[in-house]
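The chain contents come next:
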Amino acid sequence: MQEIKKYVEDNKQRFLDELFELLRFPSVSADPKYKGDVLKTADFVAQKLKEAGADNVEICETAGYPIVYGEKIVDASLPTVLIYGHYDVQPADPLELWHTPPFEPTVRDGKIYARGACDDKGQFYMHVKAFELMMQTNTLACNVKFMIEGEEEVGSANLGIFVNANTERLKADVVLISDTSMISMENPSIETGLRGLAYMEVEVVGPNRDLHSGVYGGAVANPATILCKMIASLHDENNHITIPEFYDKVVELTDAEKQALNSAPFDLEEYKKDLDIDAEWGEKGYSTLERTGTRPTLEVNGIWSGYIGEGAKTVLPSKANAKISMRLVPNQSSEEISEIFAKHFEKIAPKGVKVTVTPHHGGEPVVTPTDSVAYLAAEKAIENSFGKKPIPTRGGGSIPIVALFESVLGIKSVLFGFGLDSDALHSPNEKYDIFNYYKGIETLPLFHKYFAELNK
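In this text the structure is predicted, and so the values were computed from the model without any measurement.

## What about unusual backbone geometry?
Going from D93 to P94, the amide bond is cis rather than trans, its omega being -5°. Take P94: it is sitting in the loop between β3 (80-86) and β4 (106-108). Note the cis peptide between D119 and D120, where omega equals 5°. Residue placement: D120 occurs in the loop between β5 (111-113) and α3 (121-136). The backbone of N56 sits at a positive phi, close to 50°, despite the residue not being glycine. Within the secondary structure, N56 sits in strand β1 (residues 55-60). Judged by its relative accessible area of 53%, N56 falls in the exposed class. For N429, which is not glycine, the phi torsion reads 65° and is therefore positive. Inspection of the secondary structure assignment puts N429 in the loop between β19 (419-420) and β20 (431-433).

## Brief notes about the sheet that holds β4
One open sheet accounts for three strands, arranged β4-β5-β20; its pairing is antiparallel. At either margin of the open sheet sits one strand with a lone partner, and together these are β4 and β20. For this sheet the average axis-to-axis angle between neighbouring strands, irrespective of direction, equals 30°. Where β4 lies against β5, three bridges are found, and the strand directions are antiparallel. Bridge pairing in β5 links T106 to Y113. Here helix α12 (residues 434-455) sits on the sheet in contact with β4, β5 and β20, set at roughly 60° to β20.

## Section: empty space enclosed by the protein
On inspection of all chains with the given rule, the structure shows two cavities of 30 Å³ or more. The computed volume of the largest cavity comes to approximately 50 Å³. Around the largest cavity, the lining residues are V251, E252, L253, K258, Y286, E290, T294 and R295. A class-by-class count of the residues in the lining of the largest cavity yields three nonpolar, one polar and four charged. Quantified by volume, the second largest cavity comes out at close to 30 Å³. Lining of the second largest cavity is provided by G193, L194, R195, G293, V329, P330, V366 and R394. For the lining of the second largest cavity, the residue count by class is four nonpolar, two polar and two charged.

## With respect to the layout of surface pockets
Quantified by volume, the second largest pocket comes out at close to 270 Å³. The wall of the second largest pocket is formed by 15 residues, among which T192, E257, A260, L261 and R394 lie closest to the centre.

## Considering the pattern of salt bridges
Going through the model one piece at a time under the given rule, you end up with 24 salt bridges. A salt bridge links E201 to K323, with the nearest nitrogen and oxygen atoms 2.7 Å apart. You can see E201 sitting in strand β10 (residues 196-205) and its partner K323 sitting in strand β14 (residues 319-328), a full 122 residues away along the chain. For E201, a relative accessible area of 19% translates into the label buried. Overall, K323 belongs to the partly exposed group, its relative accessible area being 26%. Here D423 and K431 are joined by a salt bridge, their closest N and O atoms 2.7 Å apart. Just as D423 is buried, K431 falls in that class too.

## Focus: helix α7 (residues 268-275)
By the N-cap criterion, in which a side-chain oxygen at the helix start approaches the backbone nitrogen of a residue two or three places on, α7 is capped by D267, the distance to E269 being 3.0 Å. Just past α7, the residue D276 takes up positive phi, approximately 55°.

## A short note on the packing of helix α1 (residues 2-23) against α3
Interhelical geometry of α1 versus α3 gives an angle of 140° and a closest axis separation of 10 Å. By the criterion of interaxial angle, the relationship of α1 to α3 is oblique. In the packing of α1 onto α3, the handedness of the crossing is right-handed. Only K121, G122, F124, Y125, K129, E132, L133 and Q136 of α3 make contact with α1, whose side of the interface consists of I4, Y7, V8, R14, F15, E18, L19, L22 and L23. In terms of residue class, the contact of α1 with α3 is made up of 10 nonpolar, two polar and five charged.

## Focus on the pairing of strand β6 (residues 143-149)
Counting buried residues in β6 gives seven out of seven residues, a clear majority hidden from the surface. With burial as the criterion, each face of β6 is covered, one bearing N143, K145, M147 and E149 and the other bearing V144, F146 and I148. The sheet contact formed by β3 and β6 spans seven bridges and is parallel. Paired with Y84 across the two strands is M147, which belongs to β6.

## Let's talk about the domain arrangement of the protein chain
Partitioning the protein chain into structural domains gives domain 1 (1-194 + 366-455) and domain 2 (196-250 + 296-363). Here the C-alpha centre of domain 2 lies 35 Å away from the C-alpha centre of domain 1. Contacts between domain 1 and domain 2 engage eight residues on the former and seven residues on the latter. Taken as a group, G155, S398 and P400 account for 55% of the area that domain 1 buries against domain 2, more than any other trio of residues on that side. Across the domain 1-domain 2 interface, the total number found is zero salt bridges. Across the contact surface, domain 1 and domain 2 share two residue pairs in polar contact (both at pLDDT 80 or more). Residues that form the side of domain 1 that touches domain 2 fall into these classes: four nonpolar, four polar and no charged.

Thresholds applied
Residues numbered from 1 in each chain as written. Predicted model: local features only at pLDDT ≥ 70, side-chain atom pairs only at ≥ 80, totals over all residues. Heavy atoms only, no water. Helix = DSSP H or I, 4+ residues; strand = E, 2+ residues; numbered from the N terminus. Buried < 20%, exposed > 50% of the residue type's maximum accessible area, 1.4 Å probe, protein only. Pairing = 2+ DSSP bridges. Axes fitted to C-alpha atoms, helices over the stretch in contact; angles between N-to-C directions. Contact = heavy atoms within 4.5 Å. 1 Å grid on protein atoms, 1.4 Å probe; cavity = no way out; pocket = protein on both sides within 12 Å on 5 of 7 lines; lining within 4 Å. Points joined across faces, edges and corners; volume = space filled by probe spheres on them. Nonpolar A, V, L, I, M, F, W, Y, C, P; charged D, E, K, R; others polar. Salt bridge = Lys/Arg side-chain N within 4 Å of Asp/Glu carboxyl O. Polar contact = N/O pair within 3.5 Å; in protein donor to acceptor, adjacent residues only side chain to side chain. Parallel < 35°, antiparallel > 145°, perpendicular 65-115°, else oblique. Left-handed = near helix turned anticlockwise from the far one by under 90°. Domains from an automatic or database assignment. Buried area = accessible area lost by both parts, 1.4 Å probe.

Written as structure tokens, this is what we have:
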């Protein structure tokens, strides 16, 4: 551990400068106008892998954005760790809510503020620097493979094709992913499950053109009003989702599982203070930790219609749209949920409007074992680095490719994140603590060490 700490200390400014350089690329995969920047980011990642000591580094073309691959095979008899991450980021909108420019990393109170700081540039780059550390100190105990993609934020549409076509190249004993969070640095944790995702877009169309709200209002169905009513009907008075068959395959936690989950440190008042809300909201009969980790949800991610410019325009809009995501729990299928959502949403549409439901990307929920060699290695690494055992938790987010790796490559993943839930992922003023960044670089080499030892 002392050798690790010394290497980090000797190189900490360079590690930070390189991360800042990576963060300055506006690698927004959802917006075609950033295509050139996304491709430049892939080039940067490939170059840094080579500099760190990786062999066979390749920018693998796909039908979308490329996947950066690299490897270091020390000894075929040693276990192999496949490191996954993504170099693309969410759009920075709304820009006016950022305190500093989203693609000019800024440090305030020991925290790096920038789009992608935590999700996932800061976290995947820890692995690149930890790999460099192990190469330079001659302590690499495992074979390592890197697969860093550029389409995670838009559903990883081409990753499955790449994985299926490269099963031999990607052969490994475990997938190591840092795209999740811990409870806190004082209470380290490892996520042992993720929710799945079904992402939909809906459109409600009324008249064939925008209408004068005085001449036609009250006589023609307003798509904006209809859409709001339809969305409101998707939850009942207990915030329970009303779509038939939605909960059919959901398995309730046992009392013991609930007790274990709710024993994790959690301060509801601090939670509300951080979000500037005076009350939590959610499905009746469940705690906040249960709602965010083990229960399915349905949320509106965006909604638009009519005139939203400056001043007034008395218009009855021709159409209204919304984007809706549903987080899924084990045994739910994204394909099945997408189908029953579409069927239900079309059914509840009143006369006078036409409804179109378009499914976007989805992914399956996963639960990872806590008795595997890989989990035990991660647990031991954190215990050594932090001085205490990590708490197993369930993550509320979705990483659809975890289920893909298990089904195609036949290997489990370890969700070894160093972010915090308060890091404003996907929001303005996303941040990542510099302490967490360095702590990740210190802890990851220990995982490789213990994974190799435990595999013996």
